[in-house]
Amino acid sequence: MAHGLANSSMKNPVLRWVDERLPVLTLLHKEYAAYPTPRNFNYFWNFGALAMVMLMVMIVTGIFLSMQYTAHVDHAFDSVERIMRDVNYGWLIRYIHMNGASFFFIAVFVHIFRGLYYGSYKKPRELLWILGVVILLLMMATAFMGYVLPWGQMSFWGATVITNLFSAIPAFGDQIVMWLWGGFSVDNPTLNRFFSLHYLLPFVIVGVVFLHVAALHITGSNNPLGIEPKGPQDTLPFHPYYTIKDTFGLGVFLIFYALFVFFAPNYLGHPDNYIPANPLVTPAHIVPEWYFLPFYAILRAVPDKLLGVILMFGSIAVLFILPWLDTSKVRSARFRPIYKWFFWVLVIDCFVLGWCGANPPEGIFVVLARLGTLYYFFHFLILLPILGKLERPLPLPKSISEPVLSPSPGGGRVASGATAKPMDKA
Amino acid sequence: MADITHSDKPAGEDTGPTRRDFLYLTTAAFGAIGTLGFVWPFVDSMNPAADTLALSSIDVDLSPIAAGQSITVTWRGKPVFIRHRTPGEILAAEETPVDELRDAQTDEERVEKPEWLIVVGICTHLGCVPLGQKPTDPRGDYGGWFCPCHGSHYDTSGRIRKGPAPQNLHVPEYVFLDDTDVRIG
């Protein structure tokens, strides 16, 4: 079919007319309704959709906030206070946006660790995973620049510290930092460009998310068993099965989100950011937002400036090559008896690093942060390549539907006649 | 409750609402109300904020304005013309037959005190500011204001007399606090 109209299954004549000329409805139906999805998703598979919803919430609230915000060092702080006090529902929109950043990161972190546990980064989903890491980097940049905009003390000093990371670059460091600032310190030009980029990057994220989903729909979703669907008996149409499951999960997620927005809106923030920026006084205890704490801990764990910066960026960079570091052919940790334990060690390690990042770099926290950093890189660079060779995985089920539809040896329970007949082609 | 796994409709009866219809409608209504509840704060955030509303009235001292003089004050971001009319201007405004006006209004309806005319200085055609405040400005054929954009002529009561504008210059809400102080808005 080189030329002419596209085939459409639309019944409505107007929709059909459009769809034959621009088959977006067919595309939507194919990718979001009929899309064959493994039938055995658990609730960890909600978090991709939750992250997508959070991205939309952040963009909508951000657009409305930007209508009231003034990106100027003399007015930024006051304009945010005006949003809180004078703008109709400004307090609500700002608190949704502020806490939305945290809940976006919660959704994305769970999404990432789900990928780590079930081996979602392995062949053929390497590029899908890499696009996800790109999204994480863009999110981190966007969140950082957004935190600068209220121009409080934490905004100013966070911006100063993070931009100064680039001064560690040999030879050109100072020039690069001046270029980032547009001056000799964090000042009005810095605030203006951060506002511009903070508005731009979310739309770049939307673009990369589109590629992420497009790549996902080529390879198909991974699932808790980590084996490919063998046929239609292993999948369900995305709608209504997973639209409903995602909607239910979203409802639960939003309850926790709303709890923070309405009852503890400043719990995840820092009181110091309600003090206007003062370039002459640094707050006594300066920490980033919670979602950056593990990376911050890695930065401070190393007594060398350049090496600390390299390791901090390296902690993300290592994720890009993860699909080739993990040599195990088995995806799901359910069938990897040793990796399963190390996965949880990594989770605990990240929490310990976060805890160290939240505390002053002295005493026990220096030791813990160093051990945590050491384990983080050991896990990815040494353990995963070796473990794939040494570990003996458990036997994989023949198909996704087999454990459900076949008589189990223990109970002898046979699936009811209502479910599909098993047709294993494995 | 025992038969919820069976058909919602009793056998042989195929009209009337079912339990499923009820669930669909209540779910849809709940979703619609929730969506409206979510959308409203965003829509309302674009309405004038509290600090904007707080500046929505101004007090003007009229005592320095001599008869025949006009001043322009800014009220809600718009120019307001205050003219201390001369007895001749008042007479001209009052004696104009109302039935030959495009937007019929008597002069009494447009002023609190005959010597003080207070109007919003925005042409009702397409929003330009008419000329006539300065002594050197053209005041049009009727001695009031002349809009240079498309040639609307207003009289000494700010009423449209000639040109494309559909309405008289608007009269803002105002009260006289005493003989020489007025609060607009």
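Keep in mind it's a predicted model, so treat the numbers as computed, not measured. As a convention, each chain's residues are numbered from 1 in the sequence order in which they are written. Whichever chain is written first becomes A and whichever ligand is written first becomes 1, with later ones labelled in order. Where local features are concerned, this predicted model is filtered to residues with pLDDT of at least 70; where side-chain atom pairs are given and counted, the filter is 80 or more; whole-chain, interface and lining totals use all residues. The basis for every side-chain value is the complete set of non-hydrogen atoms in the structure, without hydrogens or water.

## With respect to the domain arrangement of chain B
Stated formally: What counts as a domain boundary in this text is fixed by an automatic or database domain assignment.
Along its sequence, chain B is organised into domain 1 (16-47) and domain 2 (53-184). Distance from the C-alpha centre of domain 1 of chain B to the C-alpha centre of domain 2 of chain B: 49 Å.

## A short note on a negative patch on the surface
Residues and elements named next belong to chain B. The test is simple: In this analysis, a patch consists of residues with relative accessible area above 30% that form no salt bridge, clustered at 9 Å for like charges and at 5 Å for the nonpolar side chains Val, Leu, Ile, Met, Phe, Trp and Tyr. Only the protein chains shown count as cover for residues, and all accessible areas are computed by the Shrake-Rupley method using a 1.4 Å probe. We count a salt bridge whenever a side-chain nitrogen from Lys or Arg sits within 4 Å of a carboxyl oxygen from Asp or Glu. Charged-residue counts in this description rest on Lys and Arg as positive and Asp and Glu as negative, His and the chain ends being excluded. Working definition for charges: the position is that of NZ of Lys, CZ of Arg, CG of Asp or CD of Glu. Strands are runs of DSSP state E lasting at least two residues, helices are runs of H or I lasting at least four, and both sets are numbered from the N terminus onward.
A surface patch of negative charge is lined by Glu 94, Glu 95, Glu 108 and Glu 109. Sorting the residues of the negative patch by element identifies helix H3 (87-95) and helix H4 (107-110) as the ones contributing at least two each. In this fold, Glu 95 is placed in helix H3.

## A closer look at unusual backbone geometry
All names here are of chain A. We count it as follows: Burial here depends on accessible area, computed with a 1.4 Å probe over protein chains only, as a share of the maximum for the residue type. Under 20% is buried, over 50% is exposed, and the range in between is partly exposed.
Each neighbour pair has its own omega, and for Lys 123 with Pro 124 the value is 10°, a cis peptide bond. Following the sequence through the fold, Pro 124 ends up in the loop between helix H5 (90-118) and helix H6 (126-148). Backbone geometry places Trp 151, a non-glycine residue, at a positive phi of 55°. Structurally, the position occupied by Trp 151 is in the loop between H6 and helix H7 (153-164). Judged by its relative accessible area of 7%, Trp 151 is buried.

## Focus on the state of the cysteines
As a reminder of what qualifies: Cysteine sulfur atoms that pair up within 2.5 Å are treated as a disulfide.
One pass over the full model with this rule turns up one disulfide over all chains. Sulfur-sulfur distance for the disulfide between Cys128(B) and Cys149(B) comes to 2.1 Å. Judged by the torsion about the S-S bond (-100°), the Cys128(B)/Cys149(B) disulfide is left-handed. With Cys128(B) in the loop between strand E4 (116-120) and strand E5 (143-147) and Cys149(B) in the loop between E5 and strand E6 (152-155), the pair connects residues that are 21 residues apart, well separated along the chain. Not part of a disulfide, Cys350(A) finds its nearest cysteine sulfur in Cys356(A), a span of 12 Å. This cysteine, Cys147(B), is not joined by any disulfide, and Cys123(B) carries the nearest cysteine sulfur, 3.9 Å off. Overall, the relative accessible area of 2% leaves Cys147(B) in the buried class.

## Examining the packing of aromatic side chains
All names here are of chain A. Here is the rule we go by: Pairing of aromatic side chains here covers Phe, Tyr and the six-membered ring of Trp, requires ring centres within 6.5 Å, and sorts the geometry by plane angle: under 30 degrees stacked, over 60 edge-to-face, intermediate tilted.
According to the stated counting rule, one finds 38 aromatic pairs over all chains in the structure shown. Look at Tyr 32 and Phe 238: their rings are 5.9 Å apart centre to centre, the planes differ by 80°, and that puts the pair in the edge-to-face class. Taken together, the residues Tyr 32 in helix H2 (residues 24-32) and Phe 238 in helix H10 (residues 238-263) connect sequence positions 206 residues apart. Judged by relative accessible area, Phe 238 falls into the buried class, the value being 14%. Aromatic pair Phe 41 and Trp 45: ring centres 5.2 Å apart, planes at 15°, arrangement stacked.

## Describing the interface of chain B and chain A
When the parts come together, some accessible area is lost, and that loss is often what is quoted as the size of the interface. The condition that has to hold: Every residue pair with non-hydrogen atoms within 4.5 Å of one another is taken to be in contact. Two N or O atoms form a polar contact when they lie within 3.5 Å of each other; inside protein one atom must be a possible hydrogen donor and the other a possible acceptor, and for residues adjacent in sequence the pair counts only when both atoms belong to side chains.
Counting residues at the interface gives 12 residues for chain B and 12 residues for chain A. Applying the counting rule to chain B against chain A returns one salt bridge. The salt bridge partner of Asp51(B) is Arg82(A), with a shortest N-O separation of 2.5 Å. In this assembly, chain B and chain A are joined by five residue pairs in polar contact (both at pLDDT 80 or more). Those elements that provide at least two residues to the side of chain B that touches chain A are helix H1 (19-45) and helix H2 (50-54) of chain B.

## What to know about empty space enclosed by the protein
Residue and element names in this part refer to chain A. Definition in use: Each cavity reported here is a set of points on a 1 Å grid over the protein atoms alone in which a 1.4 Å probe fits but cannot get out, each pocket an open set with protein on both sides within 12 Å along at least five of seven lines, and each lining residue one with an atom within 4 Å of a point. Grid points are joined across faces, edges and corners, and a volume is the space filled by probe spheres set on the points. Basically, the charged four are Asp, Glu, Lys and Arg, the nonpolar ten are Ala, Val, Leu, Ile, Met, Phe, Trp, Tyr, Cys and Pro, and anything else, Gly included, counts as polar.
Inspection of the entire model under this criterion finds three cavities of 30 Å³ or more. As a volume, the largest cavity reaches approximately 820 Å³. Taken together, 40 residues make up the lining of the largest cavity; nearest its centre are Met 58, His 97, Gly 146, Tyr 147 and His 198. For the lining of the largest cavity, the secondary structure elements donating two or more residues are helix H3 (47-66), helix H4 (76-85), H5, H6 and helix H9 (188-219). Broken down by element, the lining of the largest cavity gets its largest block of residues, eight residues, from H5. Here the lining of the largest cavity is built from residues that sort into 26 nonpolar, 12 polar and two charged.

## A word on the pattern of salt bridges
All names here are of chain A. Taken as a whole and judged by the stated rule, the model has 20 salt bridges over all chains. In this structure, the salt-bridge partner of Glu 81 is Arg 85, at a minimum N-O distance of 3.0 Å. Separated by four residues within a single helix, Glu 81 and Arg 85 lie in helix H4, roughly one turn from each other. Since its relative accessible area comes to 15%, Glu 81 is described here as buried. Since its relative accessible area comes to 63%, Arg 85 is described here as exposed. Salt-bridge contacts for Lys 122 lead to Asp 326; the nearest nitrogen and oxygen are separated by 3.2 Å. With a gap of 204 residues between them, Lys 122 in the loop between H5 and H6 and Asp 326 in the loop between helix H13 (322-325) and helix H14 (339-358) connect regions that are remote in the sequence. Salt bridges sharing common partners tie together Lys 122, Asp 326, Arg 336 and Glu 391.

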